[in-house]
Amino acid sequence: MNTIARRRPWVFSSLLARFRAVVARLGFGWGHNLKLGDAYRLGSTKVRVPLDGMPIEITLGLNDKKLHLYPETRLNERGQATRQGSNFVIIDPLSHPGQIGGFLRLTPKSWLSLGSGDVLQQAIFQYPAAVDEEHLVVIHGRDALVFRNLSDLGAAIGPAFRETRWIPENRFRRLREIFGGPLELLPKEDALGLIEEVNRLLQHESYRPRDDHGMPGGLLMLPRKLTPILVADLHAQIDNLLTVLSQNAFLDALEEGTAALVILGDAVHSEVDGQLREMGSSMLLMDLIFRLKLRFPEQVFYVRGNHDSFSEDMSKDGIPQGLLWAKELADRRGTVYLKAMEEFYRRLPYVVASQDFIACHAAAPTTRVSKEMLVNIHRHPSLILELINNRLRRPNRPQGYGRSDVKHFRRALQLDKDTPFIVGHTPLDREGTLWLNVDGISNHHILFSANPQEVGVFTRVDDLMVPLVYPVDALTPIINRLEGEPG
């Protein structure tokens, strides 16, 4: 195991300091323009390549490592790949298509220093020894990509003659088959039978130490044999979950029994302006999650969040989403289904942990906590409220959690002091989907997977928990147009 990589996932100096260092090293000016037609060996000067969307092959050293850089795209409702803003993606074209891997994103007015000195890149790209710690800088300028070689071993760029976006129609068909047909609300009787079967599974759910009643407790302990796939706060965005399942090798790994999908609560209640009262999409997303749970009973898990409730206190912008959720379920599917959803919520865990990470919906407890308390969480209602409702400490929120609480939480679960701690619940803005080292707390990350434009996910690559962001594809209409037979 690469201990350093696992224990120190993100060791960054100040972004401003690094940018100044790069500027100083590269010198001023933007170098000469280059229209790529063939491979070009980079010398000591910077090279500008116009933003014309051409995929670029990057060679580090003398054919020591090849990477592909191409425009980031998303699938529209017709299944066509369209540009997603001005972002670019850097991948390893030789990575195994059946294994969960990673990539780098290059956004406008940002830069990347490619090299083996970055532990995240080393985990993703498996650089050989010939690649220097800082080998090549790529800058996303206003109208061009700027390349600057930093290595005595050199680097080259050229056209990448390869399909840049593989459309996984076979996975779309498999997702449709898992759901049992088009992604539409299930009939009342089918929906009731489905949730009752899920609740029976939860009585014996794997990897949860039993509480003093002999039932699965509030702590989910994932074994290391399962690669985690973490999403949080989907908030009725069904295409976000479908996008995650169709990307990378996530669905393949679930089918092979080597990965676990963990949803950190709040799958329901849209947060999109104008849709706060709409509950049909929440119902459909829960139908999909229940189908996934039945298909992969030991690999799909749901950790409870604060929106997983019918409480009158659960509201957004004055709209009582908890009460509306209860009314919608009762009206469409009956009071028996409503009670079954209440039972589902009662049976959920509140914390998930492994050797690689610890996660819950909202917050590290500010009070004393132990494994035994988490397992027997039904005895500790105040602990439940903290785990699903609290937020970071602020002047107007002195009861919030902070650095020392994260430290104590890791210690309570006997985890290393640098183990990543991941929560949802509190997005820092409306444009993002994940935020790293929040509040200056090392390896304390926030994940919010309900952004309609891009969805964040954490997974493990080469013993390292890595953050990945995908443009959200319009998959519901695409999947619904497919024929019923799996490909």
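Residues numbered from 1 in each chain as written. Predicted model: local features only at pLDDT ≥ 70, side-chain atom pairs only at ≥ 80, totals over all residues. Heavy atoms only, no water.

1. Some thoughts on the overall build of the protein
Then, in step 1: Summing up its helical and strand segments, the protein has 13 helices and 22 strands in all.
Then, in step 2: With the principal axes as the frame, the protein shows a C-alpha extent of 70 × 55 × 40 Å.
Then, in step 3: Residue burial in the protein is summarised as follows: out of 487 residues, 58% are buried.
Then, in step 4: Within the protein, contacts between residues at least 6 apart in sequence are counted, and of these 68% link residues at least 24 apart.
Then, in step 5: Working note: accessible area of the protein is about 20600 Å², and carbon and sulfur atoms make up 51% of it.
Then, in step 6: Once the 58 positive and 58 negative side-chain charges of the protein are each reduced to a mean point, those two points are 4 Å apart. (Helix = DSSP H or I, 4+ residues; strand = E, 2+ residues; numbered from the N terminus. Buried < 20%, exposed > 50% of the residue type's maximum accessible area, 1.4 Å probe, protein only. Contact = heavy atoms within 4.5 Å. Areas by Shrake-Rupley, 256 points an atom, 1.4 Å probe, with all protein chains shown as cover. Lys, Arg positive; Asp, Glu negative; His and termini not counted. Charge placed at Lys NZ, Arg CZ, Asp CG, Glu CD.)

2. Notes on the pairing of strand β8 (residues 111-114)
Then, in step 1: Neither face of β8 is open: one carries Trp-111 and Ser-113, the other Leu-112 and Leu-114, and all of them are buried.
Then, in step 2: Where β8 and strand β9 (residues 136-140) come together, 4 bridges link them in antiparallel fashion. Bridge assignment links Trp-111 to a residue of β9, and that residue is Ile-139. (Pairing = 2+ DSSP bridges.)

3. Observations concerning the nonpolar core
Then, in step 1: In terms of nonpolar packing, the biggest core is built from 96 residues, with Ile-58, Phe-147, Leu-261, Met-286, Trp-325, Met-341 and Phe-344 touching the most fellow members.
Then, in step 2: When residues of this core are assigned to their parent elements, the largest contribution, 9 residues, is made by helix α9 (residues 321-346).
Then, in step 3: Excluding residues within four positions of it along the chain, Phe-344 makes contact with Val-198, Asn-199, Leu-202, Met-286, Phe-290 and Tyr-302.
Then, in step 4: Tyr-350, Val-351, Ile-377 and Leu-383 belong to the second largest nonpolar core, which has 32 residues in total. (Core = buried A, V, L, I, M, F, W, Y, C linked by side-chain atoms within 4.5 Å.)

4. Some points on empty space enclosed by the protein
Then, in step 1: A full pass over the atoms with the stated rule returns 1 cavity of 30 Å³ or more.
Then, in step 2: What the largest cavity holds in volume is close to 60 Å³.
Then, in step 3: Residue lining of the largest cavity: Val-198, Leu-202, Glu-205, Ile-289, Phe-290, Lys-293, Val-300, Phe-301, Tyr-302, Phe-344 and Leu-348, and that is the complete set.
Then, in step 4: Contributions of two or more residues to the lining of the largest cavity are made by α5 (188-202), α8 (280-295) and β15 (300-302).
Then, in step 5: Its residues assigned to classes, the lining of the largest cavity shows 9 nonpolar, no polar and 2 charged. (1 Å grid on protein atoms, 1.4 Å probe; cavity = no way out; pocket = protein on both sides within 12 Å on 5 of 7 lines; lining within 4 Å. Points joined across faces, edges and corners; volume = space filled by probe spheres on them. Nonpolar A, V, L, I, M, F, W, Y, C, P; charged D, E, K, R; others polar.)

5. Brief notes about the confidence of the model for the protein
Then, in step 1: Mean pLDDT over the protein stands at 91; residues scoring 70 or higher make up 91%.
Then, in step 2: Segment residues 1-16 is flagged for pLDDT under 50; beyond a separation of four residues in sequence, or across chains, it makes 35 contacts in the model. (pLDDT = per-residue confidence, 0-100.)

6. As for the packing of aromatic side chains
Think of a pair of aromatic rings as described by two things: how far the centres are apart, and how the planes are tilted against each other in angle.
Then, in step 1: Taken as a whole and assessed by the stated rule, the structure comprises 10 aromatic pairs.
Then, in step 2: Centre to centre, the rings of Phe-310 and Tyr-345 are 5.7 Å apart; their planes meet at 55 degrees, and the pair counts as tilted. With Phe-310 in the loop between β15 and α9 and Tyr-345 in helix α9, this pair connects stretches of sequence that are 35 residues apart.
Then, in step 3: Taken together, the ring pairs in this structure connect Phe-290, Tyr-302, Phe-310, Phe-344 and Tyr-345 into an aromatic cluster. (Phe/Tyr/Trp six-rings, centres within 6.5 Å; stacked < 30°, edge-to-face > 60°.)

7. A closer look at unusual backbone geometry
Peptide bonds are trans in most cases, and residues, glycine excluded, mostly fall at negative phi.
Then, in step 1: The backbone phi angle of Asp-266 is positive, close to 55 degrees, even though this residue is not glycine.
Then, in step 2: With respect to the helices and strands, the residue Asp-266 is situated in the loop between β14 (259-263) and α8.

8. Regarding the sheet that holds strand β19 (residues 434-435)
Then, in step 1: In spatial order, the strands read β12-β16-β17-β18-β20-β19; together these 6 strands make up an open sheet with mixed pairing. The open sheet has two free edges, formed respectively by β12 (219-221) and β19, since each of these has just one partner strand.
Then, in step 2: As paired strands, strand β17 (residues 358-360) and strand β18 (residues 421-423) are joined by 2 bridges and run parallel to one another. Pairing of Ala-359 across the sheet is with Ile-422, part of β18.
Then, in step 3: Helix-sheet contacts for helix α12 (residues 403-412) involve β16 (351-353), β17, β18 and β20 (444-447), and the interaxial angle to β18 is about 110 degrees. (Axes fitted to C-alpha atoms, helices over the stretch in contact; angles between N-to-C directions.)

9. Focus: α5
At 3.6 residues per turn, the α-helix brings residues three or four places apart onto the same side.
Then, in step 1: Along its 15 residues, α5 runs 21 Å from first to last C-alpha, staying within 8% of the 21 Å computed at 1.5 Å per residue.
Then, in step 2: Looking only at α5, the buried set comprises Ala-191, Leu-194, Ile-195, Val-198, Asn-199 and Leu-202. Taken around the axis of α5, the buried residues stretch over an arc of 135 degrees, which confines them to a single face.
Then, in step 3: Those residues of α5 hidden inside the fold are in contact with α8 and α9. (Expected span 1.5 Å × (residues − 1). Arc of directions from axis to C-beta.)

10. Points about the pairing of strand β10 (residues 144-149)
Then, in step 1: Burial analysis of β10 places 6 of its 6 residues in the buried class, the great majority of the element.
Then, in step 2: Every second residue of β10 is oriented toward a common face, with Ala-144, Val-146 and Arg-148 on one face and Leu-145, Phe-147 and Asn-149 on the other, all of them buried.
Then, in step 3: Two elements, strand β3 (residues 47-50) and β10, share 4 bridges in a ladder whose sense is antiparallel. What sits directly across from Pro-50, in β10, is Ala-144.

11. Topic: the packing of α5 against α8
When two helices pack together, their arrangement is given by the angle between the helix axes and the distance between those axes.
Then, in step 1: Taken N-terminus to C-terminus, the directions of α5 and α8 make an angle of 50 degrees; their axes are 10 Å apart at the nearest point. Taken together, α5 and α8 sit at an angle that is classed as oblique. Every pair of crossing elements has a handedness; the one defined by α5 and α8 is left-handed. Across the interface between the two elements, Leu-194, Ile-195, Glu-197, Val-198, Leu-201 and Leu-202 of α5 pack against Asp-287, Phe-290, Arg-291, Lys-293 and Leu-294 of α8.
Then, in step 2: Taken together, the residues of the contact of α5 with α8 break down into 7 nonpolar, no polar and 4 charged. (Parallel < 35°, antiparallel > 145°, perpendicular 65-115°, else oblique. Left-handed = near helix turned anticlockwise from the far one by under 90°.)

12. Some points on the sheet that holds strand β11 (residues 155-159)
Then, in step 1: As summarised here, the arrangement of the 6 strands in space is β2-β11-β4-β5-β6-β7, forming an open sheet in which the pairing is antiparallel. The open sheet terminates on both sides in strands that have one partner only, identified here as β2 (40-41) and β7 (104-106).

13. Re the environment of Ala-362
Then, in step 1: Tracing the sequence through the fold places Ala-362 in the loop between β17 and α10 (371-375).
Then, in step 2: Take Ala-362: its relative accessible area is 1%, and that puts it in the buried class.
Then, in step 3: Taking the C-alpha atoms as reference points, Ala-362 and Gly-424, separated by 62 residues in sequence, lie 5.6 Å from one another.

14. Details of α9
Then, in step 1: Compared with the 38 Å implied by 1.5 Å per residue over 26 residues, the 19 Å span of α9 between its first and last C-alpha is markedly short.
Then, in step 2: Along α9, the largest kink reaches about 130 degrees and is centred on Arg-333. (Bend = angle between axes of the 7 residues up to and from the residue.)

15. Regarding the pattern of salt bridges
Then, in step 1: Counting across every chain of the model gives 26 salt bridges.
Then, in step 2: Asp-463 is the partner of Arg-224 in a salt bridge, and the nearest nitrogen-oxygen pair spans 2.9 Å. Residue Arg-224 is located in the loop between β12 and β13 (227-231), and its partner Asp-463 is located in the loop between β21 (454-461) and β22 (464-471); the two are separated by 239 residues in the primary sequence.
Then, in step 3: Exposure remark for Arg-224: the relative accessible area of 22% places this residue in the partly exposed category.
Then, in step 4: Measuring nitrogen to oxygen at the nearest pair gives 3.3 Å for the salt bridge that ties Glu-372 to Arg-379.
Then, in step 5: On the basis of relative accessible area, Glu-372 is assigned to the partly exposed category, the value being 40%. (Salt bridge = Lys/Arg side-chain N within 4 Å of Asp/Glu carboxyl O.)

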